[in-house]
Amino acid sequence: MAEEQQQTDVHDLSSVLELALDRTEATATKAANGNGFGSGLPTGFKDVDALTGGLTDGALMVIAARPAMGRSTLLMGICRHVSLMHVVPTLHVSLEHTIAETSLRLTSSECRIALHRLRSGTMDATDWDRLAKRLPKISEAPLHFWAPARLTAGQLAVRAHSEVEERGIKLIAVDGIQDIRPEKRNELREREVGDVVRDLKTLARELDIPIVATSHLNRAPEARRDRVPMLDDLRESGAITYAADTIILLHRPDAYVKESPRAGEADLIFAKHRDGPTAVVTVAFQGHYSRFVDMART
């Protein structure tokens, strides 16, 4: 109730400065004690966290990519790090994958077991040993899954408020912006997607927690020589550009050229960063384990 009142009340300048300084002091104390780098939740990628200060309350981050680049994998990696490593209650909402498929990807990445072996049941003794060691830790993590076949923005908002109240959710991840339907249908698909994105941003502010969502890109990158995506490639809606606080365009050179000298690398292109500079962060892609990791960990 206090947080809600803080958001809705009108404040004079002195009280606003006091709130800002309190937050800065708390962040500095946290960093001095070795407990963090900023005010937000850590993503699991050091350079990303250094650039952004983590996932901040009330902010909407969008991860966009062409198909098969790994946007769902990157989203799951953030959820996995927040919930397993930092024990922060997290809600993962997917309209693109079943809970069974999502759980396999989580197990593969956390246990370092090849995803195709989990799917086919051809695990060897080493795989079973890794599974036995990590399964208790995975089972204890406050990570919750929801995979509805159909979903409207209103239904998502109702469930999100309920989960925050009942489970203390501190991060919501939504896999598939374009799959969410607005409350009011429109003949123009761009307007529908725009309404959904604005609803997601509003929801993040209402709940005062970060929301990370994935989006498709159109075919434009494939027509370029370097195939590198741009902000204008966001599919069906320029509203994403305006509503999102941070937009990451995911690009893997070896997705187009198998013999690329940058095989196994992925660029996280910060095409929009409302609270800081734009940049490109390079991470490693371990597709067989369904995960991205810092380059230093390869």
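Preceding this section is the structure that the text describes.
Summary of the structure given here. (Residues numbered from 1 in each chain as written. Predicted model: local features only at pLDDT ≥ 70, side-chain atom pairs only at ≥ 80, totals over all residues. Heavy atoms only, no water.)

### Brief notes about empty space enclosed by the protein
Note the threshold: Think of a 1 Å grid over just the protein atoms. A cavity is a set of points where a 1.4 Å probe fits yet cannot get out, a pocket is an open set with protein on both sides within 12 Å along at least five of seven lines, and lining residues have an atom within 4 Å of a point. Grid points are joined across faces, edges and corners, and a volume is the space filled by probe spheres set on the points. Secondary structure elements are defined from DSSP: runs of H or I of at least 4 residues count as helices, runs of E of at least 2 residues count as strands, and each element is numbered from the N terminus. Note on residue classes: Ala, Val, Leu, Ile, Met, Phe, Trp, Tyr, Cys and Pro are nonpolar, Asp, Glu, Lys and Arg are charged, and everything else, Gly too, is polar.
Counted under the stated rule, the structure contains 5 cavities of 30 Å³ or more. Estimated volume of the largest cavity: approximately 50 Å³. Around the largest cavity, the lining residues are Ser72, Met76, His92, Ser94, His97, Thr102, Arg105 and Asp175. Mapped onto the lining of the largest cavity, the elements with two or more residues apiece are α4 (71-85), β2 (90-94) and α5 (99-111). Each residue belonging to the lining of the largest cavity can be placed in one class, and the counts come to 1 nonpolar, 5 polar and 2 charged.

### With respect to unusual backbone geometry
Most peptide bonds adopt trans geometry, and most residues besides glycine take a negative phi value. The cut-off we apply is this: We call a residue buried when its accessible area falls under 20% of the maximum for its residue type, exposed when it is over 50%, and partly exposed in between, using a 1.4 Å probe and counting protein chains only.
In this model, Ala68 sits at a positive phi of 70°, which is unusual for a non-glycine residue. The residue Ala68 is located in the loop between β1 (60-65) and α4 in this model. The class for Ala68 is exposed, based on a relative accessible area of 69%. Not every positive phi belongs to a glycine, and Arg227 is a case in point at roughly 65°. By secondary structure assignment, the location of Arg227 is in the loop between β5 (211-216) and α10 (239-243).

### Focus on the packing of aromatic side chains
Each aromatic ring pair is specified by the distance between its two centres and by the angle formed by the two planes. In plain terms, the rule: For this analysis, a ring pair means two rings from Phe, Tyr or Trp (six-membered ring only for Trp) whose centres lie within 6.5 Å, classed as stacked if their planes differ by under 30 degrees, edge-to-face if by over 60, and tilted for the remaining angles. By definition, being over a ring means that NZ of Lys or CZ of Arg is both within 6 Å of the ring centre and within 35 degrees of the ring normal.
Going through the model one piece at a time under the given rule, you end up with 1 aromatic pair. Aromatic side chains Phe285 and Phe292 sit 4.8 Å apart centroid to centroid with 40° between the ring planes, which places their arrangement in the tilted category. Residue classification places Phe292 among the buried positions, given a relative accessible area of 5%. If you follow Arg159 out to its NZ or CZ, it ends over the ring of Trp146, 4.5 Å from the centre.

### Some details on the packing of helix α8 (residues 153-167) against helix α9 (residues 189-207)
To be explicit about the condition: Here the axes come from fitting lines to C-alpha atoms, over the contacting stretch only for helices, and the angles between their N-to-C directions go from 0 to 180 degrees. Oblique is the label for every angle not falling under 35 degrees (roughly parallel), over 145 degrees (roughly antiparallel), or within 65 to 115 degrees (roughly perpendicular). Two helices cross in a left-handed way if the nearer one is turned anticlockwise from the farther one by less than a right angle. They cross in a right-handed way if the turn is clockwise. In what follows, residue pairs with any heavy atoms lying within 4.5 Å of each other are defined as contacts.
Closest axis-to-axis distance for the α8/α9 pair is 11 Å, and the angle between their directions is 20°. The angle between α8 and α9 falls in the class roughly parallel. The two elements α8 and α9 cross, and the hand of that crossing is right-handed. Contact residues: Ala153, Leu156, Ala157, Ala160, His161 and Val164 in α8; Asp199, Leu200, Leu203, Glu206 and Leu207 in α9.

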